[in-house]
Amino acid sequence: MLMAHWRKVLLCSCLFAILIALGAGLVRVAAKSATEAPAGFNTPSFNSAQSVSNGIAEPAGDTFARDQQVYEQNETIAQGLGPVYNATSCVTCHQNPNSGAASQITELRVGHNDENGNFVNPTIFINDGKNTITGRSIVNDRAIGPEAQETIPAIENIRTLRAALNTLGDGFVEAIDDKTLIAIAEEQPELSEGRVHGEVVQAPIFEAPGQTRVGRFGWKDQHSSLLSFIGDAYLNEMGITNRLRPTNVTTVLNTTTGVEDQPDGLGLADIDHFAQFIRGTMVPPRDTVLGATPAALKGQGLFTRVGCSVCHVQSITTAPAGTVIDGGMFTVPEALGDKIIHPFSDFLLHDIGTGDGIVQVGPQDTANKLRTAPLWGVRTKARFMHDLGSLSLDNAISRHDGEARQPTRRFRELSPEEKEALITFLKTL
Ligand code: HEC
Ligand code: HEC
C-alpha cells in the first residue's frame with residue numbers, strides 16, 4: 001500500500017517535472033520556430049493570374065486569383081451599389097502600387113460635441129430634408145441619385161479627411177495576440193520616461209456578437225477582425241448590405257430587398273472572398289538595395305535612438321498556428337502563425353497633436369488619438385498622415401507633438417546629415 005502510494009507520488013512529481021521542462025522547452029521552441037513573413041508586392045492589379053499569395057490555404061474550390069477578381073469587381077446598382085457610396089470596388093481605393101495596398105483617396109467624417117464635450121455622430125439630411133442618415137460619422141460623397149445625396153449641416157463642425165489604408169499583410173496583423181499588443185502598451189512608459197502610453201481599445205466582433213478583441217484596424221482601431229472591417233466597408237464604402245451589416249443606411253432610392261451580398265456556387269459571399277484575399281497577401285517588402293547603404297543603416301540606428309521605435313515598433317511575432325481568434329470564428333492558419341513582421345507600428349492609439357476629434361469604438365478620450373501609422377510600404381506614398389496633409393516625410397515628422405514631442409525634438413536636434421540618414425531609412429520601408 002505504502003509503496004504504491006510513494007510510487008504514485010514519485011510518478012506524479014516526475015510527470016510534473018517533465019511537464020515543466022516541456023513547457024519551458026516549448027516556449028523556446030516556439031520562439032525559435034518563428035520565421036519571417038513572406039514579403040512582396042505580389043498582387044498586380046487586374047492581373048490576378050500573376051498573383052502569388054502568402055501560402056494561405058484556400059476554401060474548397062476557391063483560388064487566390066478568384067479572391068482578387070472579386071475584390072477588383074465593379075458593383076452595379078442592380079447588384080446593390082448605394083443608395084449612398086464612395087466608390088464601386090474595393091480596388092478603387094486600395095491599389096497603389098498593387099491590389100490591396102493604399103491610395104491617395106480620402107474620405108469624410110464629421111460630427112459635433114454635445115454640451116458635455118462628448119462626441120456625437122452627425123444627423124445628415126437627404127431628400128430635401130425629408131429623411132436623415134444617423135448612427136455613423138462617415139459621410140458618403142456619392143449617391144445613385146440626387147435624392148439620396150448627403151450634405152453636411154453647419155452644426156456638424158468637427159470634420160476630418162482620412163486616407164485609405166494599406167491592407168497588404170493585414171492577415172498577419174489580425175493574427176497578433178491581444179496580449180502582445182497589451183504588453184507593448186505596458187512597456188511604453190518605461191521606454192519613454194512616462195511620456196508615451198498607447199491606448200488599447202476593445203472592438204466588437206460582428207461575426208461573434210457580444211464579443212470583443214483588441215482593436216488594430218482603421219485610424220481609430222475601430223476593428224479587430226478583418227471580416228468585420230470588410231463587412232463594414234462593403235456597406236459604408238459601397239452601400240452593399242451583407243450578412244454582417246444587413247441594413248442599408250437609408251431607404252431613399254433603395255431598390256433591393258434582403259441582403260445584397262449572397263453566397264456564390266462555392267458557398268462564399270463577396271465578403272468571404274475579400275477576407276480570403278487580404279489574409280492571403282504578403283507583407284509590404286523593404287527596398288533592400290537602399291536598405292543596405294551606409295546612410296540607411298545609420299538612419300535605422302537613429303530612428304531607434306531618438307525614440308521613434310517606441311510607437312513605430314519594428315518587429316512583432318504573430319500567434320502560433322491553431323490559435324483561435326475573432327471570438328472563436330477564425331483559427332490562425334499555418335501561413336499566418338508564428339511569423340515575424342516588421343510593421344513599424346504598435347497598432348495603438350496616441351495623441352500626437354493631430355487628432356481628428358472623432359470617437360468610434362473607444363471611450364471619449366480617444367477623440368484626439370490616432371493609430372500609429374504603420375510605416376511598412378511608406379515609400380510608395382507621395383502624401384502622408386491621416387489627412388494626407390504632409391507632402392514630405394520631413395513635414396510628417398514635424399507635425400508630431402504631444403506624446404511624440406520628445407522624439408521630434410531630438411530629431412530636430414540632429415545634424416543635417418543625420419536627419420537625411422533617418423529620412424533615407426524611412427524611404428527603404
Ligand atoms: C472610397 C474608398 C474606399 C473603398 C471603396 C474601400 N475602402 Fe477600405 N479603406 C478606406 C479608408 C479611407 C480606410 C481607413 C478608414 C478609417 O479608419 O477611417 C480604409 C481601411 C480599410 C481597412 C483597414 C486596414 C488597416 O490596416 O487598418 C480594410 C481591411 C479595408 N479598408 C478593406 C476594404 C475592402 C474589403 C473594401 C471593399 C469592400 C474597401 N476597403 C473599400 C477607403 C476605401
Ligand atoms: C507617440 C507615438 C509616436 C512616436 C514616438 C512617433 N510617431 Fe510617427 N506616427 C504616430 C502616429 C499616431 C501617426 C499618425 C498621425 C496622423 O496621421 O495624424 C504617425 C505617423 C507617422 C508618419 C506618417 C506615415 C504615413 O503613412 O502617413 C511618419 C513618416 C512617422 N510617423 C515617422 C515618425 C518618426 C521618424 C518618428 C521619430 C522622430 C516618429 N514617427 C515618432 C505615432 C508616433
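Residues numbered from 1 in each chain as written. Chains lettered and ligands numbered in written order. Predicted model: local features only at pLDDT ≥ 70, side-chain atom pairs only at ≥ 80, totals over all residues. Heavy atoms only, no water.

J.: Please explain the overall build of the chain as it appears in this structure.
T.: Secondary structure summary: the chain contains eleven helices and 17 strands in total. For a compact globule of 429 residues, the expected C-alpha radius of gyration is about 22 Å, and the chain comes in at 24 Å, within 12% of that figure. Dimensions along the principal axes, computed over C-alpha positions, put the chain at roughly 90 × 65 × 50 Å. Burial status across the chain gives 51% buried among its 429 residues. Counting only contacts in the chain whose residues sit at least 6 apart along the sequence, the fraction spanning at least 24 positions is 67%. About 19,500 Å² of surface is accessible on the chain, with carbon and sulfur atoms providing 58% of the total. Both charge centroids of the chain, one from 35 positive and one from 48 negative side chains, sit 6 Å from each other. (Helix = DSSP H or I, 4+ residues; strand = E, 2+ residues; numbered from the N terminus. Rg over C-alpha atoms; globule rule 2.2 N^0.38 Å. Buried < 20%, exposed > 50% of the residue type's maximum accessible area, 1.4 Å probe, protein only. Contact = heavy atoms within 4.5 Å. Areas by Shrake-Rupley, 256 points an atom, 1.4 Å probe, with all protein chains shown as cover. Lys, Arg positive; Asp, Glu negative; His and termini not counted. Charge placed at Lys NZ, Arg CZ, Asp CG, Glu CD.)

J.: Mind showing me how you'd approach the confidence of the model for the chain here?
T.: Reading predicted coordinates in detail is not appropriate for stretches of low pLDDT. Considering every residue of the chain, the mean pLDDT works out to 94; 93% of them sit at 70 or more. When mean pLDDT is taken per element in the chain, helix α3 (residues 170–174) scores highest with 99 and helix α1 (residues 2–33) scores lowest with 46. Predicted confidence is poor over residues 6–30, with pLDDT under 50, and the contacts of this stretch with residues over four places away or in other chains come to one contact. (pLDDT = per-residue confidence, 0-100.)

J.: Looking at this model, I keep getting lost on the coordination of the iron atom of ligand 2. Mind explaining?
T.: Put simply, a metal with four donors set out as a tetrahedron has ideal angles of 109.5 degrees, and one with six donors set out as an octahedron has ideal angles of 90 or 180 degrees. The coordination sphere of the iron atom of ligand 2, as far as protein atoms go, consists of His312 (NE2) and His400 (NE2), spread over 2.0 Å. Coordination at the iron atom of ligand 2 is octahedral: its six donor atoms span angles of 87 to 179° at the metal. Taken together, the residues span a long stretch of sequence, with His312 in the loop between α8 (294–305) and β12 (316–317) and His400 in the loop between α9 (393–398) and α10 (405–412) at a distance of 88 residues. For His312, a relative accessible area of 12% translates into the label buried. (Donors = N, O, S within 2.8 Å, 3.2 Å for Na, K, Ca; no water. Tetrahedral: all angles 85-135°; square planar, octahedral: opposite > 155°, others 65-115°.)

J.: Which parts of the structure should I look at to understand the sheet that holds β12?
T.: Within a beta sheet, neighbouring strands are joined by backbone hydrogen bonds and run either parallel or antiparallel to one another. Taken in spatial order, the three strands line up as β1-β15-β12 in an open sheet, and their pairing is mixed. Strands at the two margins of the open sheet, each flanked by one partner only, are β1 (35–36) and β12. The pairing of β1 with strand β15 (residues 339–341) spans two bridges and is classified as parallel. Across the sheet, residue Glu36 finds its bridge partner in β15, namely Ile340. (Pairing = 2+ DSSP bridges.)

J.: What is the right way to read helix α6 (residues 270–279) from this model?
T.: The periodicity of an α-helix, 3.6 residues per turn, causes residues three or four positions apart to be oriented the same way. Across the ten residues that make up α6, a large majority, ten, are buried. For α6, the full list of buried residues reads Asp270, Ile271, Asp272, His273, Phe274, Ala275, Gln276, Phe277, Ile278 and Arg279. Next to the buried residues of α6 lie α2 (64–72), α3, α5 (226–238) and β14 (330–331).

J.: Looking at this structure, how should I read the site of ligand 1?
T.: Around ligand 1, the surrounding shell holds 28 residues, and the nearest of these are Cys90, Cys93, His94, Asp170 and Gly218. Taking Asp170, its side chain carries an N or O atom lying 2.7 Å from an oxygen atom of ligand 1. A distance of 2.7 Å is found between an oxygen atom of ligand 1 and a backbone nitrogen or oxygen belonging to Gly218. Of all the secondary structure elements, the ones that give two or more residues to the shell around ligand 1 are β3 (106–113), β9 (158–163) and α5. (Near = heavy atom within 4 Å. Polar contact = N/O pair within 3.5 Å; in protein donor to acceptor, adjacent residues only side chain to side chain.)

J.: Even after reading the chapter, I still don't get the packing of aromatic side chains, so can you show me in this structure?
T.: By convention here, two paired aromatic rings are described through the distance between centres and the angle between planes. Here the structure, examined in full by the defined rule, presents seven aromatic pairs. Judged by centre distance (5.9 Å) and plane angle (75°), the rings of Phe303 and Phe344 are edge-to-face. Separated by 41 residues along the polypeptide, Phe303 in helix α8 and Phe344 in the loop between β15 and β16 (349–350) bring together distant segments of the chain. For Phe303, a relative accessible area of 3% translates into the label buried. Assessed through its relative accessible area of 1%, Phe344 is described here as buried. Among the aromatic residues, those joined into a ring-pair cluster are Phe64, Tyr71, Tyr234, Phe274 and Phe277. Above the face of the Phe206 ring, Arg245 is positioned so that its terminal group lies 3.9 Å from the ring centre. When the ring centre of Phe330 is taken as origin, the NZ or CZ atom of Arg279, which lies over that ring, is 3.7 Å away. (Phe/Tyr/Trp six-rings, centres within 6.5 Å; stacked < 30°, edge-to-face > 60°. Lys NZ or Arg CZ within 6 Å of the ring centre and 35° of its normal.)

J.: Even after reading the chapter, I still don't get the site of ligand 2, so can you show me in this structure?
T.: Near ligand 2 lie 27 residues; those nearest to it are Cys308, Cys311, His312, Met385 and His400. One nitrogen or oxygen atom from the main chain of His386 is found 2.6 Å from an oxygen atom belonging to ligand 2. Contributions of two or more residues to the shell around ligand 2 are made by β17 (370–371) and α9. Per-class residue counts for the shell around ligand 2 are 17 nonpolar, seven polar and three charged. (Nonpolar A, V, L, I, M, F, W, Y, C, P; charged D, E, K, R; others polar.)

J.: Help me understand the coordination of the iron atom of ligand 1 in this model?
T.: Among protein atoms, the single one acting as a donor to the iron atom of ligand 1 is His94 (NE2), 2.1 Å away. Take His94: it is sitting in the loop between β2 (84–85) and β3.

J.: I keep staring at the UniProt feature "domain: Cytochrome c" (unreviewed entry) in the chain and nothing clicks. Help me out?
T.: Sequence positions flagged by UniProt for "domain: Cytochrome c" (unreviewed entry) are, in local numbering, residues 294–429. Across residues 294–429 one finds 27% helix and 10% strand; the C-alpha atoms that close the span lie 15 Å apart. (UniProt positions renumbered as here; feature names shortened; annotations may be inferred.)

J.: Any chance you could explain the nonpolar core here in plain terms?
T.: The nonpolar side chains of a soluble globular protein tend to be buried with one another. Within the largest apolar cluster, 44 residues are counted, with the highest numbers of intra-cluster contacts made by Ile271, Phe274 and Ile341. Looking at this core, the elements with two or more residues in it are α2, α3, α4 (178–191), α5 and α6. Once residues lying within four places of it in the same chain are set aside, the contact partners of Ile271 are Leu227, Ile230, Gly231, Tyr234, Asn242, Arg243, Leu244 and Asp261. In this structure, Phe303, Ile352, Leu375 and Leu429 belong to the second largest nonpolar core, which totals 22 residues. (Core = buried A, V, L, I, M, F, W, Y, C linked by side-chain atoms within 4.5 Å.)

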